[in-house]
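Descriptive structure summary
What follows is each chain in one-letter form.
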Amino acid sequence: MVKVLLIGLWVCVVTLLSSYGGVYWASGHAVKAEEEPFLAGLEYRRLDAINVPMIIDGVVRGYVVAKLVYTADAGTLRKISIDPQVFVTNAAFDEIYMNGRVEFGKMSKYNLAEILDSIKKRANKQLNGDVVQEVLVDSVNYIDKSEIRALVDKSAAKPNPPPRGKAEPATH
């Protein structure tokens, strides 16, 4: 009987010590590593869609709708007091409006890398430093003026739903 009692006590002690050791090891106290400072890295920020009118011969022929993303160093973004989004949007609008190669009736290929690099340089020039690391394209579309009119006409042709609160008579 004493033997069984000693074996039971031995099992309890081993279980308690192994549980304590497992928790101590899992919590990381066994090897205390130096905490590294926060590594900021690059931060990606999406711009709102911009609509740039394409004016040919003094008439608006359509719109370029562009969604862009820019990257910047997160540490630099925390240090500057102004949001670079405004400057990147302005530079993108200027570049597409002034140097856009979209013409009525034809879309021609153009060097996106050159345009994006120009947007980055303009934005960084206005920010007085290398804040914007890269400008990326999320999407670029051209919408002809006639397509916009067709969409407006289609939405205007839909019947209006009956006003709320007024019940129509039942015809049962």
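None of the values given here were measured: they were computed from a predicted structure.

What counts, and at which threshold
Residues numbered from 1 in each chain as written. Predicted model: local features only at pLDDT ≥ 70, side-chain atom pairs only at ≥ 80, totals over all residues. Heavy atoms only, no water. Helix = DSSP H or I, 4+ residues; strand = E, 2+ residues; numbered from the N terminus. Salt bridge = Lys/Arg side-chain N within 4 Å of Asp/Glu carboxyl O. Buried < 20%, exposed > 50% of the residue type's maximum accessible area, 1.4 Å probe, protein only. Contact = heavy atoms within 4.5 Å. Patch = residues over 30% accessible without salt bridge, like charges linked within 9 Å, V, L, I, M, F, W, Y side chains within 5 Å. Areas by Shrake-Rupley, 256 points an atom, 1.4 Å probe, with all protein chains shown as cover.

As for its position among the elements, D130 is in the loop between α4 (112-127) and β6 (132-144). Separated by 58 residues in sequence, D130 and A72 have C-alpha atoms that sit 8.7 Å apart.

Turning next to the pattern of salt bridges. Close approach of charged atoms lets side chains of opposite charge pair. One pass over the structure, following the stated rule, counts 6 salt bridges. For R45, the salt bridge is made with E43, and the minimal N-O distance between the two is 2.9 Å. Judged by relative accessible area, R45 falls into the partly exposed class, the value being 27%. Where D138 meets R46, a salt bridge forms, and the shortest distance between an N and an O atom there is 2.5 Å. One end of the pair, D138, is in strand β6; the other, R46, is in strand β1 (residues 42-46), and 92 residues separate them in sequence. Classification of D138 as partly exposed rests on a relative accessible area of 39%. What makes R46 exposed here is its relative accessible area of 56%. Connected through salt bridges with shared partners, the residues E43, R45 and D83 form a single ionic network.

Now for the environment of I55. As for its placement among the helices and strands, I55 is situated in strand β2 (residues 50-56). Each C-alpha atom, one on I55 and one on Y97, is 8.6 Å from the other, the two residues being 42 residues apart in sequence. Setting aside residues no more than four positions away along its own chain, I55 makes contact with V60 and Y97.

A word on a nonpolar patch on the surface. Side chains of V2, L6, L9, V13 and L17 sit close together on the surface and give an oily, nonpolar patch of about 500 Å² of accessible area. Along the polypeptide, L9 turns up in helix α1 (residues 2-26).

Purely geometric numbers; function is a separate question.
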